Amino acid sequence: MAGDSLPFNVQVLRDLARHELVDVLDSVRGKKGLVIDQTVSGPLSLVAEFTLFKEHGVEKVYQMETPRIDTDCKALIYICRPKIHLMKRIAEHIRAHQQGPNPTKIEYSVFFVPRRTMVCERVLEEEGVYGEVTLGEFHLDLVPLDEDVVSMELDNSFRELYLDGDTSSVYYVAKAIMKLQTVFGVIPRIIGKGTCAKLLVDLVLRMRRELSISADESTNSRIFPASSEIDSLIIIDRTVDLVTPMCTQLTYEGLIDEKYGVRSTFVELDPSLIGAPVPAGSSSASPASNKPKKVPLNSGDKLYTQLRDLNFAVVGGLLSQVARRIHEDFEERHQARTVSQLKEFVGKLGNLQAEQQSLRLHTNIAEELTKYTLDQDFNKILEAQQNFVAGILNNIHVDYIEELIDKQAPLMHVLRLLCLYSLVNGGFKAKQFDYFRKELIQTYGYEHVLTLQNLAKTGLFRRQESARNPYSQVRKALRLIVDDVDEHQPNDISYVYSGYAPISVRLVQVACTRSAGEVPKAAAGSAAGTPTNAGAPSVAAGSQAPPSWKGFEEALGLLPGPHFEESQKPPDYAWLGKRKNSMARTGPKVTMVLFLGGCTFTEISAIRFLAQQEDGLRDYVIATTNIINGTTLVEATLGTAAVNSA
């Protein structure tokens, strides 16, 4: 973000989650076991450590996916998502305890994250264990991933919203926004784009009206703080921009996610990359020593904070500079002549060693990523992607997709290219569409018939219905392609994809700055070859004004779903008197950008870049249902048979 002193403090959200978790653990007296759903364990680790569990009576932690739990605990607390298959697993555990050779009496409590559902209660009834469990909720919704990123960590949100038609995620997000407003104040301005985004804002406004009706004015005022720390909320529906996730991420953090997968800020790496010492007496080739280790990737690592948002092309140079600086700092010990100088060096030694360890880790990761990016297929796929988004749809690239299928390349690589081509071309012509369907099914198996149907349903891979191709107009209207991008000294968000600006972040930019990325100089608007937007105010004026779509309605109309602008009137603070003005927040405006259906690490990097360009006038906080990339997005559409065979 634009500076280290972000007015929006995500630590408050972490503290709220910790306090509620303590209440959950203390709801059962005495010693107990904790059974955690795998999809909850990651977010839970970001708000609490194992010592907190021990302090509140947890003797052992179990994985919910285990078919049977053998325990001496007299009470078990389940913390899980409201999923049908998990309810059946709980029922299996209970029956195993009751019907075994040595039946045990155990007290069961189930806490749903973030909300309980009637469907799950019904399943527990049908399984005959409803009377055996105490039900509750643990509102672990917006989990801080970093100082400027919060996530609901709803891994299936894209599939549920856009394939299954299940809008539970919208309700969960609406409740999270309401909680956010009770902590940070009523958000005065909400704008957005997309069908689910409109559904969300309508639900939030309805919840606020219902809350206002149920409480008198003075009580309502006390529910929400007197001043709002969040100036505005921009909601982006993932279906508005499906192009961006299909492109290979080219930032350092994005490439780590593409190669290794980052889950709740943790990445699993080979111990050799971390530089972890091999335990004495153990073989370096033993399975235990080669087991991947989880490494946190967040702003706690200062070097990672410097690297994560850079285009990978410049990472090597920065690592070299850091290595030289650390070497010079270590060499200072030879210049130490007096006791005070030695004492000063020893005081810095701990930080230097930590920096050296971090440098070793990121140098090793960078070396692996370099090998990954030098692969011939990686570069051919990247070339095809960059041509597709630039509107260059040559047969040579379509032939390359056929070549990938013929040599049975990884299915996700093939599907991402096909989906990207379909999205930028308005679909495939009927003959071509049927050809690729046949080739994919014959090569990768009949189980992917449903996968292809799902991709068509979500609009990712479909048959061309008309000759009109809105993407080409969007590309020009929003200046998505920037030639001669400077990856070392970038002046546009397009550096994250080496020349392609993410549609989603460009929308945020036009809403906040009234500019589609033109160079913010007095004469820039009239520069040759630089697109201008009639009726759009200047960049400086846009930074001061509330976010708005004004001046870009035509471009927005080319993208799917409605766009909207809503204002929320703050409660009447008359009872505060003169204190109201003294409580008003000063400093840069804070805009929260919310992605429904997930966002990529490169989009996060691009929004951080926007904050730097705002010169301290506006800071951004990113909220999302989950973190995605092209592979996880396509995997979400896999048919049941394909998932079982994977």
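Residues numbered from 1 in each chain as written. Predicted model: local features only at pLDDT ≥ 70, side-chain atom pairs only at ≥ 80, totals over all residues. Heavy atoms only, no water.

Undergrad: It is not clear to me how the sheet that holds strand β3 (residues 75-80) should be interpreted in this structure. Could you clarify?
TA: Through backbone hydrogen bonds, the strands of a sheet pair up, either in parallel or in antiparallel fashion. Strand order in this open sheet of 5 strands is β2-β1-β3-β4-β5, and the pairing throughout is parallel. Every interior strand has two partners, whereas the edge strands, β2 (58-63) and β5 (133-137), have only one. Averaged over neighbouring strand pairs, the angle between their axes works out to 20 degrees when direction is ignored. Strand contacts of helix α1 (residues 11-26): β1 (32-36), β2, β3, β4 (107-112) and β5, with the helix running at about 145 degrees to β3, the strand carrying the most contacts. (Pairing = 2+ DSSP bridges. Helix = DSSP H or I, 4+ residues; strand = E, 2+ residues; numbered from the N terminus. Axes fitted to C-alpha atoms, helices over the stretch in contact; angles between N-to-C directions. Contact = heavy atoms within 4.5 Å.)

Undergrad: I would appreciate a short explanation of the environment of Pro 502 in the present structure.
TA: Within the fold, Pro 502 resides in the loop between α22 (470-477) and α23 (503-513). For the pair formed by Pro 502 and Ala 606, sequence separation is 104 residues and the distance between their alpha carbons is 8.1 Å. Sequence-distant contacts of Pro 502, defined by excluding residues within four places in its chain, comprise Asp 241, Thr 244, Ile 493, Val 496, Tyr 497 and Glu 603.

Undergrad: How should unusual backbone geometry be read in this particular structure?
TA: When glycine is set aside, most residues are seen to have a negative phi, and most peptide bonds are trans. Residue Val 113 is joined to Pro 114 through a cis peptide bond whose omega torsion reads -5 degrees. Structurally, the position occupied by Pro 114 is in the loop between β4 and α5 (118-126). Phi is positive for Arg 514, close to 60 degrees, though the residue is something other than glycine. Mapped onto the elements, Arg 514 comes out in the loop between α23 and α24 (539-544). The exposure class assigned to Arg 514 is buried, which follows from its relative accessible area of 8%. (Buried < 20%, exposed > 50% of the residue type's maximum accessible area, 1.4 Å probe, protein only.)

Undergrad: Could you clarify how one ought to interpret the nonpolar core in this entry?
TA: In summary, soluble globular proteins display a tendency toward joint burial of nonpolar side chains. In terms of nonpolar packing, the biggest core is built from 174 residues, with Phe 8, Leu 200, Ile 235 and Ile 503 touching the most fellow members. Tallying contributions element by element places helix α19 (residues 411-425) first for this core, with 11 residues. Apart from the residues within four sequence positions on either side, Ile 235 is in contact with Ile 190, Ile 191, Gly 192, Lys 193, Ala 197, Leu 200, Val 201, Phe 564, Leu 594 and Leu 596. With 23 residues, the next largest nonpolar core counts Met 64, Ile 69, Leu 76 and Tyr 78 among its residues. (Core = buried A, V, L, I, M, F, W, Y, C linked by side-chain atoms within 4.5 Å.)

Undergrad: Help me out: how do you make sense of the sheet that holds strand β15 (residues 618-624) in this one?
TA: Spatially, 7 strands are ordered β6-β7-β15-β14-β9-β8-β13 in an open sheet, and the strand pairing comes out mixed. Sheet topology places β6 (143-146) and β13 (563-567) at the edges, where each strand pairs with a single neighbour. With strand direction ignored, the average angle separating the axes of adjacent strands in the sheet is 20 degrees. Alignment of strand β8 (residues 189-193) against strand β9 (residues 232-237), held across 5 bridges, turns out to be parallel.

Undergrad: Please clarify how the pairing of β1 should be interpreted in this entry.
TA: Residues in a regular strand point their side chains to alternate faces of the sheet. Within β1, 5 of the 5 residues are buried, which leaves the element mostly enclosed by the surrounding structure. What you see with β1 is no split at all: Lys 32, Leu 34 and Ile 36 on one side and Gly 33 and Val 35 on the other are buried throughout. Both β1 and β2 contribute to a ladder of 5 bridges, which runs parallel. The residue of β2 that forms the bridge with Val 35 is Tyr 62. Here 4 bridges tie β1 to β3, and the two strands are oriented parallel to one another. Counted as the bridge partner of Leu 34 is Ile 77 from β3.

Undergrad: I tried to follow the packing of helix α4 (residues 84-99) against α5 on my own but got confused; where do I start?
TA: Where α4 contacts α5, the axes come no closer than 9 Å and their chain directions differ by 30 degrees. In terms of orientation, α4 and α5 fall into the roughly parallel class. Between α4 and α5 the crossing geometry is right-handed. Along the contact surface, α4 presents Ile 84, Met 87 and Lys 88, while α5 presents Val 119, Cys 120, Val 123 and Leu 124. Residue composition of the contact of α4 with α5, grouped by class: 6 nonpolar, no polar and 1 charged. (Parallel < 35°, antiparallel > 145°, perpendicular 65-115°, else oblique. Left-handed = near helix turned anticlockwise from the far one by under 90°. Nonpolar A, V, L, I, M, F, W, Y, C, P; charged D, E, K, R; others polar.)

Undergrad: Help me understand the pairing of strand β14 (residues 589-596) in this model?
TA: Burial runs high along β14: 7 of the 8 residues are buried. When β9 meets β14, the two strands line up parallel, connected through 6 bridges. Note on β14: the bridge partner recorded for Ile 235 is Leu 594. Taken together, the 7 bridges between β14 and β15 define a ladder with parallel strand orientation. By the bridge assignment, Lys 589 is partnered in β15 with Arg 618. In the classification by handedness, the crossover that spans β14, the intervening helix α27 (residues 601-613) and the parallel β15 is right-handed. (Right-handed = clockwise from strand over helix to strand, strands pointing away.)

Undergrad: Teacher, can you tell me more about the packing of aromatic side chains here?
TA: Pairs of aromatic rings are described using the distance from one ring centre to the other and the angle between the two planes. The final tally for this structure, using the stated rule, is 14 aromatic pairs. Ring centres 6.5 Å apart and planes at 5 degrees place the aromatic pair Tyr 252 and Phe 312 in the stacked group. You can see Tyr 252 sitting in helix α11 (residues 252-259) and its partner Phe 312 sitting in the loop between α14 (302-307) and α15 (315-331), a full 60 residues away along the chain. Here the two residues Tyr 252 and Phe 312 agree in accessibility, since each one is buried. Members of the aromatic cluster, connected to one another through ring pairs, are Phe 388, Tyr 421, Phe 428, Phe 433, Tyr 435, Phe 436 and Phe 461. The ring of Tyr 260 has Lys 259 lying over it, and the distance from NZ or CZ to the ring centre is 5.2 Å. (Phe/Tyr/Trp six-rings, centres within 6.5 Å; stacked < 30°, edge-to-face > 60°. Lys NZ or Arg CZ within 6 Å of the ring centre and 35° of its normal.)

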